[in-house]
Amino acid sequence: MDNTEQIYKEIDASSILSTIHAYHDEGWRFAQLCGSTIEGGVEVLYTLEKGPVVENVLVNLPNDAEIPSISKIYPASFVFENELQDLFGIKVNGISVDYEGHMYKLSVPSPMNPKSQARVEFAKRAQAADQPEAEAQADTQAEAQAADQPDEAQAVSQPEAEASAVPAGQAGGETDEQ
Amino acid sequence: MSNKTVIPFGPQHPVLPEPIHLDLVLEDEKVVQAVPQLGFIHRGLEKIVEKRDYLHFVYVAERICGICSFGHSLGYSQAVEGLMGVEVPERAEYLRDIWQELSRIHSHLLWLGLLADGFGYENLFQQAWRLREIVLNIFEKTTGGRVILSVCNIGGVNRDIDNDELRAICDDLDKLLDGYKPITETFLDDASVHSRLDGVGYLSKEEAEDLSLVGPFGRASGLDNDIRSIGMGAYGKLAAFEPQLSNIGDGYARTEVRINEVVQSVQIIKELVSKIPDGPVYNKPKGNPPEGRFLTRVEQPRGEAVYYVKGNGSKFLERFRVRTPTSQNLAGLLKILQGCDYADVPLNILTIDPCISCTER
C-alpha cells in the first residue's frame, strides 16, 4: 500500500500563478493538473512533487471560469490545460500551445461538465432540432394507431400506397424513353 | 532569407505504431517548430469510472494501453487501496512488482526493436522481439494472458505463482540475458548506430528539470526521477536500488539507459524471488470507497505515471485521473524537435518512446 502523505491545499483562483511560481522556485517538479466536476462548478487540482513528497493545490472555480495558464512556468502542463478547456469548459488563458477547445475531437462540448454554458446551449440546440422530429414521430405514432384500427383503415391505406407507387414508376419509365 | 515550409508528419508513419500528427515548420532542412495534433484515439476512459463498479473498473483501467497494461491496473488498484485503507498481503506486493518488472523488460525490448527498425537494422529488430517472446511466454504461463494480464486486483492479485515456477522464471530470464548481451553490443558499440544516435535530440539536465521529464527520457539527461527509489511496495525490500542515469542527454544515452534497465529489472526480479514470503495474495476489500481523495504514483516502463481517485461513499468513484508518462514528455518532444534536422525527426520521436493510447486515454 502507498503510504505517501496526502497533502491538499486550497487556494483562490487569483493566487494560482504566485503559488505555482513559489513551488517552481523551491525546486518542485510538475506532476499533473486535472479538473473534476463539483456542485456548482469545477475543481482544479495541481500536483507537484519533490522526491518522495507530493503536494496538491486545489482551486474551486464556478462553471465557465477563466484561469491563467502555468505553461510558462511548467511547459509540460500545456496538454492538461487544453484538456481542461476541452472537457470541462474552463478557459485557460495564455497556454503555450493553445488548441482553443479543439485538442480532442468531441461530439459534445465539455463532456465532463454538463453544466458549462457551451454544453447547456448545445443541449438547447439539440432539443430544438429534435422538436420537428418529435412532431413527425407523433404523426407516425398516430398513423400506426390508425393502422391498428379496424380493417377498413388498412384497406383504404394500402391501395393508396400502391396507387402512388405506380405513377411514380410510370413517370420514371416515361422520362427514360424521352 | 529562406522560405518556411510546413510538412505534415503522421498520423500514419512507419515509426509511429499509434496515431499522432505533427505539423513540422521547416526552414530548409531544419525544423523550427513542431505543433502536435492529438485526439485520434481519445476514448474518454476516465469518464467511465462514474458508471462502473469500482471493483470492475480495474479491468477498464488495464485496457488504457496494451504495453503498460499491468502498470495501469496496478496504479488504479494502489490508488483505491489507499483511499479505502486496504492492506495488501506482502506476497501480493512482491508478485505485483515481479510482473511490473517483467512488463518493463518486455516494453524496453519492444522499443529496442522499434528503434532498430527505425534506423534500418531489421535483423536486430527481430532479435529484440524474439527475446521479448520469452517474457510474453512467462506472462502466458503465469496469468493466461500475453498482453492484458487481468491479474492485479484491488486488495492484491488474482493468481499466485508457486515457488518452483518463480525459480523457472529466473532460469528463463538467464536465457534471455544470454541472448540479450550480443544485441546490446550492437546497440552500444556499432559505429553506424553511434553515428545515427549521437547528439540526436540533446537535452541538458537543467532543461530536463524545467520540462519535468519522466522516465528514461529524463534519466538519460541525468535527472533522477525514478519513483522506485522511494521504496513503495516490494521495492522497499531491495538491498539497494540505484536508478540508471546518464549525463550524455542524447538519443544514444536514452538507448543506453533502457538497455541497462532491462538488466537491472532481471536482477530486481531475482532478488524479489529470493526474498518472497509465503502467505495469502488477496485481501478482499469491504464496503465502498469512502468520501475522499487519494493520489499515487507508479514507475511505468516509460516513466512515472500518476493515478488519482476521488470517492463519494458510493460504489462508483466520482473521478479517476491517470497522468501518463508520454503526456508529460510531450513538451520535451517539442523541445528536441526544435532545431533538429528533418531526417532526425523519426528518431527523435522514437527515442522518447511515445505511447499515444496512454496519452489520450
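Numbering of residues starts from 1 in each chain and follows the order in which that chain's sequence is written. Labels are handed out in written order, letters beginning with A for the chains and numbers beginning with 1 for the ligands. Selection of residues for local features in this predicted model requires a pLDDT of at least 70, selection of side-chain atom pairs for listing and counting requires 80 or more, and totals for whole chains, interfaces and linings are taken over all residues. As a rule here, side-chain values come from all non-hydrogen atoms in the structure, and water together with hydrogens is ignored.

S.K.: Please explain the confidence of the model for chain A as it appears in this structure.
M.R.: Parts of the model with low pLDDT should not have their predicted coordinates read in detail. The predictor rates its confidence in each residue with pLDDT, a number between 0 and 100. For chain A, the average pLDDT comes to 77, and 73% of its residues sit at 70 or higher. Working rule for contacts: check all heavy atoms of both residues, and any pair within 4.5 Å makes them a contact. In the model, residues 150-178 of chain A has pLDDT below 50 throughout and makes 3 contacts with residues more than four positions away in sequence or in other chains.

S.K.: I keep staring at the interface of chain A and chain B and nothing clicks. Help me out?
M.R.: Accessible area lost during the coming together of the parts is what is often quoted as the interface size. Contact with chain A, which involves 43 residues of that partner, is made by 46 residues of chain B. Note on terms: buried area is the combined drop in 1.4 Å-probe accessible area of two parts once they are placed together, counting the loss on both. Overall, the association of chain A and chain B removes approximately 3,400 Å² of surface from exposure, summing both partners, and the carbon and sulfur fraction of that is 55%. Definition used for salt bridges: Asp or Glu carboxyl oxygen within 4 Å of a side-chain nitrogen of Lys or Arg. Where chain A packs against chain B, one counts 4 salt bridges. Between A:Glu83 and B:Arg321 there is a salt bridge, and its shortest N-O distance comes to 2.5 Å. We call two N or O atoms a polar contact when they sit within 3.5 Å, provided that within protein one can donate a hydrogen and the other can accept it, with sequence-adjacent residues counted only if both atoms are side-chain atoms. Joining chain A to chain B, the criterion identifies 15 residue pairs in polar contact (both at pLDDT 80 or more). For helices the rule is a DSSP run of H or I covering at least 4 residues; for strands it is a run of E covering at least 2, with both sets numbered from the N terminus onward. Contributing elements (two or more residues each) for the side of chain A that touches chain B: β2 (29-38), β3 (41-50), β4 (53-62) and α2 (78-88) of chain A. Asp, Glu, Lys and Arg are counted as charged, while Ala, Val, Leu, Ile, Met, Phe, Trp, Tyr, Cys and Pro are counted as nonpolar; the rest, among them Gly, fall into the polar class. Tallied by class, residues from the side of chain A that touches chain B come to 27 nonpolar, 10 polar and 6 charged.

S.K.: Would you mind showing me how to read the pattern of salt bridges here?
M.R.: Close approach of charged atoms allows side chains with opposite charge to pair. Residue and element names in this part refer to chain B. The tally for this structure, following the rule as stated, stands at 34 salt bridges over all chains. Lys 175 is the partner of Asp 172 in a salt bridge, and the nearest nitrogen-oxygen pair spans 3.9 Å. Taken together, the residues Asp 172 and Lys 175, both in helix α6 (residues 163-189) and 3 residues apart, mark about one turn of the helix. For Glu 318, the salt bridge identified is with Lys 310, shortest N-O distance 3.5 Å. Think of it in three bands: with a 1.4 Å probe and only protein chains considered, a residue is buried below 20% of the maximum accessible area for its type, exposed above 50%, and partly exposed in between. Residue Glu 318 is classed as partly exposed on the basis of its relative accessible area, which comes to 29%.

S.K.: Help me out: how do you make sense of unusual backbone geometry in this one?
M.R.: Backbone geometry follows two general trends: most residues other than glycine have a negative phi, and most peptide bonds adopt the trans configuration. The backbone of A:Asp64 sits at a positive phi, close to 60°, despite the residue not being glycine. Within the secondary structure, A:Asp64 is located in the loop between β4 and β5 (66-68). A positive phi angle, near 50°, is found at B:Ser150, a position not held by glycine. Residue placement: B:Ser150 occurs in the loop between α5 (122-143) and β4 (152-153). By relative accessible area, B:Ser150 is classed as partly exposed at 26%.

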